[in-house]
Amino acid sequence: MENAKSVKLVLEDGTEIQGKSFGAFTSAAGEVVFSTAMTGYPENLTDPSFAGQILVLTYPMVGNYGVPGEDLYESISKIFESDKIHIAGLVVNYYSEEHSHWHAAKSLGDWLSEYNIPGIFDVDTRLLTKKLREKGAMLGKIVAAEDVELHDPNQDNLVAQVSPSEVKHYGSGKNKIVLVDCGTKTNIIRCFLERDVELIRVPWDYDFTQLDYDGLFLSNGPGDPKMCEATIGHLQTALQQDKPIFGICLGSQLMGLAAGGDTFKLKYGHRSHNQPVLLTGTKRSYITSQNHGFAVDTDTLPAEWEMLFENLNDGTCEGIKHKTKPFFSTQFHPEAAGGPQDTEFMFDDFLKAVEEYKATVATN
Ligand SMILES: NC(=O)CC[C@H](N)C(=O)O
């Protein structure tokens, strides 16, 4: 990358950082957030929850294992977390165009170019991260030839942009699960299909309360959860019933809002593969994969709800549960991709609740 063109990263507080271009030579604005994950850029960049965000990776060398080739199973990617790159831009320290991995099909720069996404390298990402930790996540832009306006993606309904427009069916298992797709990661679909499930994947604003199903699942997704009024409305109807409900990340926030609680924006969010969480009422903790900028305000939850997991770094809510009904959620990602898979049992717990619910209905 010796002949890389100059580009700059500009933050809303006036900071300007000179760097070099890789990927598309174009300008882009977004919310600048950082992740301390050491691997997993193919998964991160295709996670729809990153829509509208310029992602800073603190790991010092990025790109050296390239980008894998696509491999589909029942029209779902086995490799990526969706069918395109969702970040607005990428900021790294050392970019390695040279790459080596048995599954690599292209360089990270070529992959970004395919989707017209700019990357900037030669940036002191650790210094930048310290600034973001002190001041909080900021708006910013990568500026190539033409300048662009700063833009706050949290003012947009990003979920409507990434959610599918049609209902899709997968698998033929014994438990019928509705997956409300607010920008789901494909590994959530894979985790269900590995567990004898028939999956009905519906758009974020679809009235799923009309469907015949055994359990309801709410996916992750980008932006401010309060933008998803339609989903929250349908969820409120589902909360009147007794069918099991499980939510991940944005899905957890939507459950909190539908239950009558509130959400708030974290100073700089949790984006990494080593976030410790404590299971309430125990001394058991798990190391989890996370990517979120908002959280449920536990103090606002109604009396019949409680915190299920707590973040051991900052004490914020990492999941909620209903005290008597089979409704629960995680703010972290039990499906991982990337990161530790230690909490994948949450899918088993949900399907166990579904089986129990079905057994109760059968005997009544
Ligand atoms: N991964 C997610 O679902 C993120 C949820 C929400 N957009 C947040 O940033 O908190």
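Residues numbered from 1 in each chain as written. Predicted model: local features only at pLDDT ≥ 70, side-chain atom pairs only at ≥ 80, totals over all residues. Heavy atoms only, no water.

In the nomenclature of an unreviewed UniProt entry, the protein corresponds to Carbamoyl phosphate synthase small chain from the organism Hymenobacter defluvii. Reading the Sequence similarities (unreviewed entry) entry of the UniProt record for the protein gives the comment "Belongs to the CarA family." In its Subunit (unreviewed entry) section, UniProt records this for the protein: "Composed of two chains; the small (or glutamine) chain promotes the hydrolysis of glutamine to ammonia, which is used by the large (or ammonia) chain to synthesize carbamoyl phosphate. Tetramer of heterodimers (alpha,beta)4." (UniProt positions renumbered as here; feature names shortened; annotations may be inferred.)

Caption draft 1: Structural detail: the site of the ligand. Inspection of the region around the ligand gives 13 residues, with Gly 221, Gly 223, Asn 291, Gly 293 and Phe 294 positioned closest. With respect to the ligand, the backbone of Asn 291 contributes an N or O atom lying 2.9 Å from a nitrogen atom. In the model, an oxygen atom of the ligand is placed 2.8 Å from a nitrogen or oxygen of the Gly 293 main chain. Out of a free accessible area of 300 Å², the ligand has 98% covered by protein chains. Broken down by secondary-structure element, the contributors of at least two residues to the shell around the ligand are α7 (250-259) and β20 (285-297). At four residues, β20 tops the list of elements feeding residues into the shell around the ligand. Of the residues assigned to the shell around the ligand, the class counts are four nonpolar, nine polar and no charged. (Near = heavy atom within 4 Å. Polar contact = N/O pair within 3.5 Å; in protein donor to acceptor, adjacent residues only side chain to side chain. Areas by Shrake-Rupley, 256 points an atom, 1.4 Å probe, with all protein chains shown as cover. Helix = DSSP H or I, 4+ residues; strand = E, 2+ residues; numbered from the N terminus. Nonpolar A, V, L, I, M, F, W, Y, C, P; charged D, E, K, R; others polar.)

Caption draft 2: Seen up close, the sheet that holds strand β4 (residues 53-57). If you trace the seven strands once around the closed barrel, you get β1-β2-β12-β9-β4-β3-β13, paired in mixed fashion. Put simply, the sheet's adjacent strands are angled 35° from each other on average, direction ignored. Here strand β1 (residues 6-11) pairs with strand β2 (residues 16-23) via five bridges, running antiparallel. Looking at β2, one finds that Val 7 is bridged to Gly 19. Those strands touched by helix α3 (residues 125-135) are β1, β2, β3 (28-35), β4, β9 (89-91) and β13 (138-143), and its axis lies near 125° from that of β4. (Pairing = 2+ DSSP bridges. Axes fitted to C-alpha atoms, helices over the stretch in contact; angles between N-to-C directions. Contact = heavy atoms within 4.5 Å.)

Caption draft 3: Quick peek at the domain arrangement of the protein. By the assigned domains, the protein splits into domain 1 (6-155) and domain 2 (158-363). Taking the mean C-alpha position of each, domain 1 and domain 2 sit 27 Å from one another. Contact residues are listed per partner, giving 35 residues for domain 1 and 29 residues for domain 2. Of the roughly 2400 Å² buried between domain 1 and domain 2, counting both surfaces, carbon and sulfur atoms make up 53%. On the domain 1 side of the contact with domain 2, Ile 76, Glu 81 and Asn 154 bury the most area, a combined 25% of that side's loss. Here domain 1 is connected to domain 2 by two salt bridges. (Domains from an automatic or database assignment. Buried area = accessible area lost by both parts, 1.4 Å probe. Salt bridge = Lys/Arg side-chain N within 4 Å of Asp/Glu carboxyl O.)

Caption draft 4: Geometry of unusual backbone geometry. Note the cis peptide between Ala 337 and Gly 338, where omega equals -5°. Residue position: Gly 338 is located in the loop between β24 (327-330) and α8 (345-363). Although it is not a glycine, Glu 74 adopts a positive phi angle of roughly 50°. Note on placement: Glu 74 falls in the loop between β7 (72-73) and β8 (76-77). The partly exposed category is assigned to Glu 74, whose relative accessible area is 41%. Positioned with a positive phi, Asp 196 is a non-glycine residue whose angle comes to about 60°. Mapped onto the elements of the fold, Asp 196 is located in the loop between α5 (186-193) and β16 (197-203). Taking relative accessible area as the criterion, Asp 196 reaches 42% and is therefore assigned partly exposed. (Buried < 20%, exposed > 50% of the residue type's maximum accessible area, 1.4 Å probe, protein only.)

Caption draft 5: How the structure looks around the packing of helix α6 (residues 229-240) against α7. Where α6 meets α7, the closest approach of the two axes is 9 Å, and the angle between their N-to-C directions is 70°. Considering their axes alone, α6 and α7 lie roughly perpendicular with respect to each other. The two elements α6 and α7 cross, and the hand of that crossing is right-handed. Every residue of α7 that contacts α6 at Thr 231, Ile 232, Leu 235, Gln 236 and Leu 239 is listed here: Leu 254, Met 255, Leu 257, Ala 258 and Ala 259. Residues that form the contact of α6 with α7 fall into these classes: eight nonpolar, two polar and no charged. (Parallel < 35°, antiparallel > 145°, perpendicular 65-115°, else oblique. Left-handed = near helix turned anticlockwise from the far one by under 90°.)

Caption draft 6: Quick peek at the UniProt feature "active site" (unreviewed entry) in the protein. Following the UniProt record, one finds the feature "active site" (unreviewed entry) at Cys 249, His 333 and Glu 335. In three dimensions, the annotated residues from a span of 87 residues occupy one location, with a maximal C-alpha spread of 11.0 Å. Inspection of the secondary structure assignment puts Cys 249 in the loop between β18 (245-248) and α7. Residues contacting Cys 249, with those up to four places away along its chain left out, are Asn 220, Asn 291, His 292, Thr 330, Gln 331, Phe 332 and His 333. Relative to the elements of secondary structure, His 333 occurs in the loop between β24 and α8.

Caption draft 7: Examining the nonpolar core more closely. Membership of the largest hydrophobic core comes to 30 residues, with the highest contact counts inside it found for Val 178, Val 180, Leu 216, Leu 235, Ile 245, Met 255 and Trp 305. Look past the residues within four positions of Val 178 in its chain and what remains in contact with it is Ile 200, Val 202, Phe 208, Leu 211, Tyr 213, Gly 215, Leu 216 and Phe 217. (Core = buried A, V, L, I, M, F, W, Y, C linked by side-chain atoms within 4.5 Å.)

Caption draft 8: Just the pairing of β24, in detail. Burial along β24 is two-sided: Phe 327 and Ser 329 facing one way and Phe 328 and Thr 330 facing the other are all buried. Sheet analysis places β18 next to β24, joined by four bridges and oriented parallel. Looking across to β24, one finds that Ile 245 is bridged to Phe 327.

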